[in-house]
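Summary of the model geometry
Here's the letter readout for the chains.
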Amino acid sequence: MDIAPADVLNIQDIVYKTRPGRIITVNVAPGILVLLDSLLRLMQIAGARIVNINGDPLDPYVLGEAERALDAEENVLVLFAPRQEDHFPLDALRAYARFVSCRTYLIFLGSVFGQPWLGYSKNWFQKAIRALVAEAPFAIDYSRDQQLITTCPMGYLQRTGGLVSVLDDDEFADALSDE
Amino acid sequence: MHRFWTRFVKPIIETAAPRRMMEIGAEFGWNTAPVLEYCRRTGCRLEVIDPAPPPALHEVLARYPAEHVYHAEKSLEVIPRIAPVDLVLLDGDHNWHTVYNELQAIYRRAAEAGTAPPIILFHDVAWPYARRDMYYDPLELDPAARHPYADRGMLPGESELTEAGINGTFHNALYEGGPRNGVLTAIEDFQAGIGVPMAFHKLPFFNGLGILVPAARTTPALEAVIDSFFSRESLLETCVALETDGMRVRAELTVQQIRLTQRTEALRRARSTIEALREELKAAKPAG
């Protein structure tokens, strides 16, 4: 999946501003992985690393391993690229959206595509994005869509909601046993 | 008190033009620094009294060696032995016993020297310590001079202390109100008993600024400055400052809520990982 130069700048800016401790990449091209790795090194984000996933993003084993790799990291960013055969990847978006930390991003790479067959039916990726935003605490960050050329229109989804209230009691939080 | 400096304290000092000042309770030196800057400009001297300040105060004082004398003792020990001053900035131990006796000592010292008592500017004459004592060092006080206290917080409108309130790390009197309780009560009791003509003005925001002007120090210029604090324009400016302050607090609350969310979710995730690993461990152990 190729991305436009403007999207490289957007990704760089998001990593710089959110300083994630983990970045989950789902079917992301090797060149973008190199870019992310370089950014994390240059920005000297302590302990930060990339959790790379290739193949079926909904495979339960893969999802379990991804979750385990996050440890207790508080700041998680997700870059998601759909596979060729994922025409309407709403379930995959849901599965990875739950890993995204408050105020960071789920970036859908290549949302400009999404025309699985010739004809009038198109923008299925953006339909999946709209469906996710309708049900999950995310907002499309349109401020990142202002470039002339982007391959990720509507693809910068910022988690803006789902805040834990200070009044929410978590009776287990301090009760982890030492077993 | 530093939040009052630009619009309230500085105009009073510049109008009264003191030659000697005293600051009781300097803490980080946020207020001390501009006062010492004034001293450098005018040749005034500042007596700084604070028995246990953080290191930041000494950094401030070091910049103005010729303008101050520092006393690392309690105010009630220092006041009787130093020369009377023209103006006092009083922001020390916020309880009735200390404030009342500081006022007595300041006025007694002036009387002994045959000078007019000083203008006194007080911090914390509004909530929470207007009508409630707080003790930095309660065990140093005579038990009869203090109210029962606890290290619990306060909420506006609630007399009893609560875990959910502010300043829960200080030794606060258990109840608000009643006799001999709080900074403002001490000032009122002193004013009622001393028999010296004086005027007291109170700005009831940013924890409150009190301005006590003895008749002997009153001038038309000083009266005009103090009156201007209560003008419509000044009060509107204050509304803007309070609103800005409130919005900053809300922004900080949002930041803290985001952090809380991130940490809570990370904790939940870690907990589920621990549970999964426990299950794996259990399954991997040989039976028996």
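Check the entry above for the structure.
1. Overview of the overall build of chain B
For chain B, the count of helices and strands is eight helices and 10 strands. The globule rule puts the C-alpha radius of gyration for 288 residues at 19 Å, and the 24 Å found for chain B is more than 25% above it. Across chain B, the fraction of contacts at a sequence separation of at least 24, relative to all contacts at a separation of at least 6, is 67%.

2. Notes on the overall build of chain A
Within chain A, the regular secondary structure consists of five helices and six strands. Scanning chain A from its N terminus toward the C terminus, one meets helices and strands in the order α-β-α-β-α-β-α-β-α-β-β. Taking all 179 residues of chain A together, 37% fall into the buried category. The contacts in chain A between residues at least 6 apart in sequence include a share of 72% that link residues at least 24 apart.

3. Examining the interface of chain A and chain B
On the chain B side, the residues contacting the 19 residues of chain A number 14 residues. Among the residues forming the side of chain A that touches chain B, the class breakdown is nine nonpolar, three polar and seven charged.

4. Things to note about the sheet that holds strand E4 (residues 87-90) of chain B
Residue and element names in this part refer to chain B. The mixed open sheet is built from seven strands, whose spatial order is E3-E2-E1-E4-E5-E10-E9. Each of the sheet's edge strands pairs with one partner strand only, and the pair in question is strand E3 (68-71) and strand E9 (198-203). Going from strand to strand, the sheet's axes swing by 15° on average, the running direction of each strand aside.

5. Considering unusual backbone geometry
Residue and element names in this part refer to chain B. Here Trp-127 and Pro-128 are connected by a cis peptide whose omega angle stands at 15°. By the element assignment, Pro-128 lies in the loop between strand E5 (119-123) and strand E6 (134-135). Look at Glu-27: it is not a glycine, yet its phi comes out positive at around 50°. For Glu-27, the position within the fold is in the loop between strand E1 (20-24) and helix H2 (32-42). By the C-beta count within 10 Å, which is 18 here, Glu-27 ends up partly exposed. One non-glycine residue, Asp-124, adopts positive backbone phi at about 65°.

6. Here's the deal with the environment of B:Thr273
Take B:Thr273: it is sitting in helix H8 (residues 232-284). Under the C-beta neighbour-count criterion, B:Thr273 is labelled partly exposed, with 17 such atoms within 10 Å. Leave out the neighbours within four places in its chain, and B:Thr273 touches A:Glu67 and A:Arg68.

7. Looking at the packing of helix H5 (residues 96-113) of chain B against helix H6 (residues 183-194) of chain B
All names here are of chain B. At a minimum axis separation of 8 Å, H5 and H6 run at an interaxial angle of 40°. When the axes of H5 and H6 are compared, the crossing they make is right-handed. Contact residues: H5 offers Trp-96, Val-99, Tyr-100, Leu-103, Gln-104 and Tyr-107, while H6 offers Val-183, Thr-185, Ala-186, Ile-187, Asp-189, Phe-190 and Ile-194. Residue composition of the contact of H5 with H6, grouped by class: 10 nonpolar, two polar and one charged.

8. Topic: the pairing of strand E1 (residues 22-26) of chain A
Residue and element names in this part refer to chain A. Across the five residues that make up E1, a large majority, five, are buried. Burial along E1 is two-sided: Arg-22, Ile-24 and Val-26 facing one way and Ile-23 and Thr-25 facing the other are all buried. In the classification by handedness, the crossover that spans E1, the intervening helix H2 (residues 30-42) and the parallel strand E2 (residues 49-53) is right-handed. Alignment of E1 against strand E3 (residues 76-80), held across five bridges, turns out to be parallel. Bridge pairing in E3 places Val-26 opposite Phe-80.

Scoring rules and cut-offs
- Residues numbered from 1 in each chain as written.
- Chains lettered and ligands numbered in written order.
- Predicted model: local features only at pLDDT ≥ 70, side-chain atom pairs only at ≥ 80, totals over all residues.
- Helix = DSSP H or I, 4+ residues; strand = E, 2+ residues; numbered from the N terminus.
- Rg over C-alpha atoms; globule rule 2.2 N^0.38 Å.
- Contact = placed C-beta atoms within 7 Å.
- Buried ≥ 20, exposed ≤ 12 C-beta atoms within 10 Å, placed from the backbone.
- Nonpolar A, V, L, I, M, F, W, Y, C, P; charged D, E, K, R; others polar.
- Pairing = 2+ DSSP bridges.
- Axes fitted to C-alpha atoms, helices over the stretch in contact; angles between N-to-C directions.
- Left-handed = near helix turned anticlockwise from the far one by under 90°.
- Right-handed = clockwise from strand over helix to strand, strands pointing away.

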